[in-house]
Amino acid sequence: MYCPQTNAYTKFFVAIFFSILSIQSFAQGNSFSFGELSATKYKEKIAQLEKFKVSKKYDDKSAQAWYKEILSDRNKSLQYAFKENKVVYDSFLLTKCNDIFRRIMAANRNYNFDSITLYINRSVIANAVCYGEGTIMINLGLFFWVDNDDELAMVIAHELAHQLLKHSDRKIEKSIAMLTSEDFKEELKDIKKSNEGKYSRFRELMKDLNIESGKHSTYKESEADSLGAVLIKNAGYDVNKGAKILLKLDNTDDIFKSKKLYTLKEYLENTGIDLSHFNVKPKYNGLSSMNVEMNADKDFDSIKTHPDCIKRYKTITGNTDTASIVCCTELNSSYAAYKENAMLETVRYLYENNSLGWCIHLSLIAIKNNYDPVVYNRFLSLCFSKLYDDDKRLARFSGANADAERESNLKETQDYLFAANTADLEKLALHFLKYKVDTNSEDYLFADLMYNTQIKMKDANSAYESFLNKFPKSKYQYLIQKK
């Protein structure tokens, strides 16, 4: 939960440095539907963003120039999110969020919520974002961790508080004040002229700006926590129950770093493939030292950069007891349907973007934790068919790579996908395809279509035409059109 800052500062600092030395709910086993993607659903929002003009705020030309760049950059970031389908209209998830939002508004009429609109972002990262101009994004990945309305209300109210308290505006004002100060300008000039220690001095200068801009600001998060707690208490939600989401968010890396989510070999033992890979420890380390970072969040603070979530929980509730939190995978709460929907949309997004290592990883997590096995066996088949096709085009590494960390299930899966021979990729695609065959199912027939065109090399045009004749309004049509 954070109030993001534009990356205009980042682009400026990089330039300076180089000059010195930028779904709908479904029942198990039944067909499901996808949410509408933002490029088509939110055309009016996109048009509004395209018409955006920066108003005059500062008489000082330098300050106004910075103000224009920062707001323009924020606007471009939002345009990109909506135009590139980083947002989804999942009516099931969004209706739940808006029901909570309306209840908070009704109970807090002394605040003006008119400019605020909620959206569902397709990122797997458990987070929520206040952009500062009225847009609040709730990430799909957050729903894996939420178990009740109180917790979701706490997240939404926290982001509403960022907007109501104008935290983004205050960040921008403080940053511009520092960027245009004489002390900052003089120090920058001195760094340029110096012959030694340029990098360390530059980093120290930027560190001061990060603190001033509020990037790691404790008081802004504390303010948002405090007002958020008031907003949900007024609306009749349980603050103590809601605050437990903070304990969960302190463990969000589990889904990427844990080695206890599943055992890959168990899922592959009866598939007829060569299992010798699992008898020898892989020597390849690849990108295993890299930190997990998804594109939808890399320009902003992640939840892990916030002040200590446990400390925040204790401050809000007054409780000193903090129970251990298991990973987000369990479907044993009243929020099971919301988790299921979020998982479906997330896996769809990863497949759509050829993030096959991630897609397989989450599909295995889903099956292990009693999400609909039919759905995720279909996605596993799709992923292995696509990986086979990627291999033919010498692009397997790109599809399989998940920037996994060592000693994690994600790393185990990634390494296997790098090493598997193409014959085994074909066997796996067919094995998962044959799970509960339904020749009348759109989902089965789409996976079968991809298996036959990407692996068996059947004529794609005639196969696509046949499929679309049977399902003229197929939810997969936009994927077929990309072929």
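The structure this text deals with has already been given above.
Residues numbered from 1 in each chain as written. Predicted model: local features only at pLDDT ≥ 70, side-chain atom pairs only at ≥ 80, totals over all residues. Heavy atoms only, no water.

Visitor: Would you mind going over the overall build of the protein chain in detail, with residue names and values included?
Guide: Helices and strands together make up the secondary structure of the protein chain, namely 24 helices and five strands. Looking at the protein chain as a whole, 55% of its 483 residues qualify as buried. Of the roughly 22,100 Å² of accessible surface on the protein chain, a fraction of 47% belongs to carbon and sulfur atoms. (Helix = DSSP H or I, 4+ residues; strand = E, 2+ residues; numbered from the N terminus. Buried < 20%, exposed > 50% of the residue type's maximum accessible area, 1.4 Å probe, protein only. Areas by Shrake-Rupley, 256 points an atom, 1.4 Å probe, with all protein chains shown as cover.)

Visitor: An account of empty space enclosed by the protein is needed here, citing residue identities and associated values.
Guide: If you add up the space inside the second largest cavity, you get close to 40 Å³. Val-124, Ala-126, Trp-145, Thr-252 and Ile-255 are the residues nearest the centre of the second largest cavity, which is lined by ten residues in total. Here the lining of the second largest cavity is built from residues that sort into eight nonpolar, two polar and no charged. (1 Å grid on protein atoms, 1.4 Å probe; cavity = no way out; pocket = protein on both sides within 12 Å on 5 of 7 lines; lining within 4 Å. Points joined across faces, edges and corners; volume = space filled by probe spheres on them. Nonpolar A, V, L, I, M, F, W, Y, C, P; charged D, E, K, R; others polar.)

Visitor: Would you mind going over the pairing of strand β3 (residues 117–121) in detail, with residue names and values included?
Guide: With four of its five residues buried, β3 lies for the most part within the structure. Alignment of strand β2 (residues 87–89) against β3, held across two bridges, turns out to be antiparallel. Of the residues in β3, the one forming a bridge with Val-88 is Ile-120. Where β3 lies against strand β5 (residues 135–139), five bridges are found, and the strand directions are parallel. Across the sheet, residue Asn-121 finds its bridge partner in β5, namely Asn-139. (Pairing = 2+ DSSP bridges.)

Visitor: So what's going on with the nonpolar core? Which residues, and what values?
Guide: In terms of nonpolar packing, the biggest core is built from 128 residues, with Ile-104, Tyr-351 and Phe-446 touching the most fellow members. Excluding residues within four positions of it along the chain, Ile-104 makes contact with Phe-113, Ala-153, Ala-157, Leu-160, Leu-231, Ile-232, Ala-235 and Tyr-237. (Core = buried A, V, L, I, M, F, W, Y, C linked by side-chain atoms within 4.5 Å. Contact = heavy atoms within 4.5 Å.)

Visitor: So what's going on with the sheet that holds strand β1 (residues 36–37)? Residues and values would help.
Guide: The five strands are arranged β1-β2-β3-β5-β4 in an open sheet whose pairing can be described as mixed. Both outer strands of the open sheet, β1 and β4 (128–130), are each paired with one neighbouring strand and no more.

Visitor: Outline the environment of Ile-125, listing residues and values.
Guide: Considering the arrangement of structural elements, one finds Ile-125 in the loop between β3 and β4. We classify Ile-125 as buried; its relative accessible area is 13%. For the pair Ile-125 and Leu-142, spaced 17 residues apart in the sequence, the C-alpha separation amounts to 6.8 Å.

Visitor: Could you give an account of the side chain of Asn-75, with specific residues and numbers?
Guide: Assignment of secondary structure puts Asn-75 in helix α4 (residues 61–83). The class for Asn-75 is buried, based on a relative accessible area of 9%. With near-sequence residues (within four places) excluded, Asn-75 lies in contact with Leu-49 and Phe-52.

Visitor: Lay out the pattern of salt bridges with the relevant residues and their values.
Guide: One pass over the full model with this rule turns up 26 salt bridges. Linking Asp-147 and Lys-248 is a salt bridge whose minimum nitrogen-to-oxygen distance equals 2.5 Å. Taken together, the positions of Asp-147 in the loop between β5 and α6 (149–164) and Lys-248 in helix α12 (residues 244–249) put the pair 101 residues apart, joining distant regions of the chain. Residue class for Asp-147 comes out partly exposed when judged on its relative accessible area of 22%. Judged by its relative accessible area of 8%, Lys-248 falls in the buried class. Lys-257 serves as the salt-bridge partner of Asp-253, at 3.2 Å between the closest nitrogen and oxygen. Linked through salt bridges whose partners overlap, the residues forming this network are Lys-386, Asp-389, Asp-390, Lys-392 and Arg-393. (Salt bridge = Lys/Arg side-chain N within 4 Å of Asp/Glu carboxyl O.)

Visitor: I'd like a rundown of the environment of Lys-386, residues and numbers included.
Guide: Within the element layout of this structure, Lys-386 appears in helix α18 (residues 373–392). Note: C-alpha distance between Lys-386 and Arg-396 (ten residues apart in sequence) is 9.1 Å. In this structure Lys-386 touches Tyr-351, Asn-354, Leu-356, Arg-393 and Gln-454, once residues within four positions along its chain are discounted.

Visitor: Give a detailed account of the side chain of Ser-38, specifying residues and quantitative values.
Guide: Mapped onto the elements of the fold, Ser-38 is located in helix α2 (residues 38–41). Since its relative accessible area comes to 0%, Ser-38 is described here as buried. Only 2.8 Å separates the side chain of Ser-38 from the backbone oxygen of Phe-82, close enough to count as a polar contact. Here Ser-38 is in contact with Lys-43, Ile-46, Ala-81, Phe-82, Asn-85, Lys-86 and Val-87, once residues within four sequence places are set aside. (Polar contact = N/O pair within 3.5 Å; in protein donor to acceptor, adjacent residues only side chain to side chain.)

Visitor: Provide a residue-level description of the pairing of β5, including the pertinent values.
Guide: Among the five residues of β5, five are classified as buried, and the element is accordingly described as predominantly covered. The two faces of β5 match: Thr-135, Met-137 and Asn-139 on one face and Ile-136 and Ile-138 on the other face are all buried. When β4 meets β5, the two strands line up antiparallel, connected through three bridges. The residue bridging Cys-130 from the neighbouring strand is Ile-136, located in β5. Connecting the antiparallel pair β4 and β5 is a turn made up of four residues, with Gly-132 showing a positive phi of about 100°.

Visitor: With reference to specific residues and values, describe helix α7 (residues 167–179).
Guide: Taking 1.5 Å of rise per residue, the 13 residues of α7 would be expected to cover 18 Å, and the 18 Å separating its terminal C-alpha atoms lies within 8% of that figure. Where α7 is concerned, the buried positions are His-167, Ser-168, Lys-171, Ile-172, Ser-175, Ile-176, Met-178 and Leu-179. Looking down the long axis of α7, one finds its buried residues gathered within 165° of arc, a one-sided arrangement. (Expected span 1.5 Å × (residues − 1). Arc of directions from axis to C-beta.)

Visitor: Quick rundown of the packing of helix α22 (residues 442–454) against helix α23 (residues 460–470)? Include the residues and the values.
Guide: A pair of packed helices is captured by two measures, namely the crossing angle of their axes and the spacing between those axes. Following both chains from N to C, one finds α22 and α23 inclined at 175°, their axes separated by 10 Å at the closest point. For the element pair α22 / α23, the angle class is roughly antiparallel. Packed against α22, whose contacting residues are Glu-442, Leu-445, Phe-446, Leu-449, Met-450 and Thr-453, the element α23 presents Ala-460, Ala-463, Tyr-464, Phe-467 and Lys-470 at the interface. Here the contact of α22 with α23 is composed, by residue class, of eight nonpolar, one polar and two charged. (Axes fitted to C-alpha atoms, helices over the stretch in contact; angles between N-to-C directions. Parallel < 35°, antiparallel > 145°, perpendicular 65-115°, else oblique.)

Visitor: Account for the packing of aromatic side chains, with residues named and values stated.
Guide: For any two aromatic rings, the description comes down to two numbers: the centre-to-centre distance and the angle of the planes. A complete count under the given rule lists 21 aromatic pairs for this structure. Taking the centre distance of 6.0 Å and the plane angle of 75° together, the rings of Phe-101 and Phe-113 count as edge-to-face. Here Phe-113 lies in the loop between α5 (91–107) and β3 and Phe-101 lies in helix α5, a separation of twelve residues in the sequence. Phe-113 carries the same exposure label as Phe-101, and that label is buried. Each ring, one from Phe-256 and one from Trp-358, has its centre 5.2 Å from the other, and the planes form 80°; the classification is edge-to-face. With Phe-256 in helix α13 (residues 254–257) and Trp-358 in helix α17 (residues 356–368), the pair connects residues that are 102 residues apart, well separated along the chain. Summarising the burial analysis for this pair, Phe-256 and Trp-358 share the class buried. Put simply, the rings of Phe-32, Phe-34, Phe-446, Phe-467, Phe-471 and Tyr-476 touch in pairs and so form one group of aromatic residues. Directly above the ring of Tyr-58 sits Lys-57, whose terminal nitrogen or CZ lies 5.8 Å from the centroid. (Phe/Tyr/Trp six-rings, centres within 6.5 Å; stacked < 30°, edge-to-face > 60°. Lys NZ or Arg CZ within 6 Å of the ring centre and 35° of its normal.)

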